[in-house]
Structure formats: structure tokens, C-alpha cells
Amino acid sequence: MNSASANTTSLARNSSKQLILFHRDFREFSGGHLKVWDYFNHVLTSPRHEPRIAFSPESKWDSTNPWLGAPGYVAKWEPDKADILFLAGTDWRGVPELDRSHFPKPIINLLQHPRHAEPNSELRNFLRNRAVRICVSQEVADAITATGEVNGPVFTIPNAIDLSCVPRGKPWQQRPLDVLICGVKAKDLARDLQDRLTDENRTIKCLTDYRPRQDFLSEVSNAKVTVFLPRPSEGFYLPALEGMAAETIVVCPDCLGNRGYCEDKVNCFRPEYGVGEIVSAAHAASEQSENERIQMLDKAEATVQMHSLERERASFARILTSIHQLWET
């Protein structure tokens, strides 16, 4: 099956639980899809709700799609039959335009990037539609509330990661890579950094092409220092948090959405977004004393524990419990 929308069934409930219908246009794997998958699984644990998901006709149905192992939950896009809708990004396109602003049933809207606040954008126009909004960082929440156009309550639930998926790798001193550069989102910058950091005493690897997630995490777990290169503006940059969980020393330039958990020279290095600044931070990370490194890794571990899926799930459960009251008021 190449299309995720093929062989779907009509939306129907299997119990007295309320149906929450998700929607995805899955062209390729991304962190945004992964976070929606996390929320889908949060609903699976709910005693009062059950999830279903509909895919666009263009969506891929392959090993990169997290829902490949859950085909029984794939349904037709029939929003009128659901009790609650869960929308993220451009999922709003699936709701008839005339119904968007005053849809009769609760809509939960996950916002993962500050571009939702960009003037004259499709995403900003969606802010005028009635919804209960969940932002993945305080920076995203601040950006959208500053527009004065948000219709409905806004909550912030900082992104979390599944710690069971992150391999710990070898002890730090035994790791084969001195510096790993993760530059899928900034290929030219990554190659420039590789040229500047390469010397005969340092083992460096540069990743500029997509890797399956577990392969990518294994690479991070084998590096003493990892330079993560997000886009200059992100809603919440998960790979750097995954790096902390993998016990690599994290270098991640400021991208707005990492300010809530990347504390410069405390649990990582967070330089300004410039090649010179990043090179200096990578050198500083490599030249730490053992005591400095241990202290930074301990702080990073504490940060990771604050971003567990259990915490995220509990925060979301509180919203689900009161979703109808939130919607009515």
C-alpha cells in the first residue's frame, strides 16, 4: 500500500469513548509528524477517548510513517462524525472554510512553530478559527498571542521525547566520534563547519541527508560532541533534547524555540546563529575539563527528565478532561 488513505474505513466508534479524529498530510517524516504521533498515543491511554486518523490522498504509507503499525486506527476524513478534532499545521484545510470559524464540536489545535504568527500567511489566518490551542513552547505561545487574533484559549505544553527510543551509547571517553555535525536543515552551513573544525587530531562526521530516526540517534549516541543545526527559527527543536538524553555534549545555536530548555554553558552550548560563533562553541565543548563536562551532562540529564512523555501526557490529559467546558466558555 503506497497511499495512507487507501483501504480506510468509515469513521465509527468501537466503544462508548469519545472519538478524537486526527488528520495528516504525510509526504515525508518530520519532527512535526512525530509530535502528532505522540499526541495520538496520549489519546490511546485515555479512559474516555479513542483516536482515529485520516490521511490526505498524497500521504505516504511506508516504514517512515509511524502509523504503519496501527492500521486499525486509520479512517476516512469525516469530521462531522467525530466528537473532537485534533488539527496541526495546515490540517485546517480539511475543514470546510465556512465551518472553520464556528465548528460545532471542539477542536484542539497543536501549534509547533512561530510562523503561525507571520503576517498575511495561511497559518496566521487559521488563528481566527475557534479552537483550544496547545503550543509546544512558550515562544510559540507568545508569538501567536501577540497578534491579538487568537480565537480561544492558549496552553503551553513543552515538547517531550520518548526516552526509551534514545540509546545511551558507549561511555563518553570511548565514543569513536569527537564531533558529529547534524546539518539536514542547514547543509551548506554544516559543510562549512566541517571544513573549519577538521584537523588531524579530531574525528568528525557530518550528516546532511535524512537518516531513519533510530540510525540518527545511534550516531548521536556515539559522539562526544554533537553540533545540531536547526533552522534559524523553530517552534521547538527536539534533536538537541534527544542529544542531551544520549549524553553527548550539545552545541545548538539559538533558534528561538530552544530557549526554554537550552541553557548556554549550563546544560549545553547555545551560541548565536553564525558560523564563527558555532565554531567557537564547538571548540569550547571539545576542550572542557572532565569536571565541567560531568556537570554539564548532569544538568542536561535533569533537563531531559523535565521533558518526559509522561509529563506531556499528564498536561494534555488535564485539557482533555475539561475540553467541553473550555469549548463552551
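Preceding this paragraph is the structure being described.
Predicted model only: the values in this text are computed from it and were never measured.

Caption draft 1: Here's a closer look at the packing of helix 7 (residues 238–245) against helix 9 (residues 290–305). Helix 9 packs onto helix 7 with a crossing angle of 120 degrees between their chain directions and a minimal axis gap of 8 Å. By the angle class used here, helix 7 and helix 9 are oblique. The handedness of the crossing between helix 7 and helix 9 comes out as left-handed. Together, Leu241, Met244 and Ala245 of helix 7 and Ala300, Thr303 and Val304 of helix 9 make up the contact between the two elements. Per-class residue counts for the contact of helix 7 with helix 9 are five nonpolar, one polar and no charged.

Caption draft 2: Geometry of helix 8 (residues 275–286). The end-to-end C-alpha distance of helix 8, which contains 12 residues, comes to 17 Å, matching closely the 16 Å that a straight helix rising 1.5 Å per residue would cover. Every buried residue of helix 8 is listed here: Ile278, Val279, Ala281, Ala282 and Ala285. In a view along the axis of helix 8, the buried residues occupy a sector of 165 degrees, so they form one face of it. If you follow the buried residues of helix 8, they end up packed against helix 5 (187–197), strand 9 (223–228) and strand 10 (249–251).

Caption draft 3: Up close: the sheet that holds strand 4 (residues 107–111). With parallel pairing, the six strands of this open sheet are ordered in space as 2-1-3-4-5-6. Across the chains shown, the open sheet's two edge strands, defined by having one partner strand only, are strand 2 (49–55) and strand 6 (154–156). For this sheet, the mean angle separating the axes of adjacent strands, direction not counted, is 25 degrees. When strand 5 (residues 132–135) meets strand 6, the two strands line up parallel, connected through three bridges. Paired with Cys135 across the strands is Thr156, a residue of strand 6. Along the sheet, helix 1 (residues 31–44) contacts strand 1 (18–24), strand 2, strand 3 (84–88), strand 4 and strand 5; its crossing angle with strand 1, the most-contacted strand, is approximately 170 degrees. Strand contacts of helix 10 (residues 309–321): strand 1, strand 2, strand 3, strand 4, strand 5 and strand 6, with the helix running at about 175 degrees to strand 5, the strand carrying the most contacts.

Quick notes on the rules
- Residues numbered from 1 in each chain as written.
- Predicted model: local features only at pLDDT ≥ 70, side-chain atom pairs only at ≥ 80, totals over all residues.
- Heavy atoms only, no water.
- Axes fitted to C-alpha atoms, helices over the stretch in contact; angles between N-to-C directions.
- Helix = DSSP H or I, 4+ residues; strand = E, 2+ residues; numbered from the N terminus.
- Parallel < 35°, antiparallel > 145°, perpendicular 65-115°, else oblique.
- Left-handed = near helix turned anticlockwise from the far one by under 90°.
- Contact = heavy atoms within 4.5 Å.
- Nonpolar A, V, L, I, M, F, W, Y, C, P; charged D, E, K, R; others polar.
- Expected span 1.5 Å × (residues − 1).
- Buried < 20%, exposed > 50% of the residue type's maximum accessible area, 1.4 Å probe, protein only.
- Arc of directions from axis to C-beta.
- Pairing = 2+ DSSP bridges.

Everything listed here is a matter of coordinates, which is why it stays silent on function.
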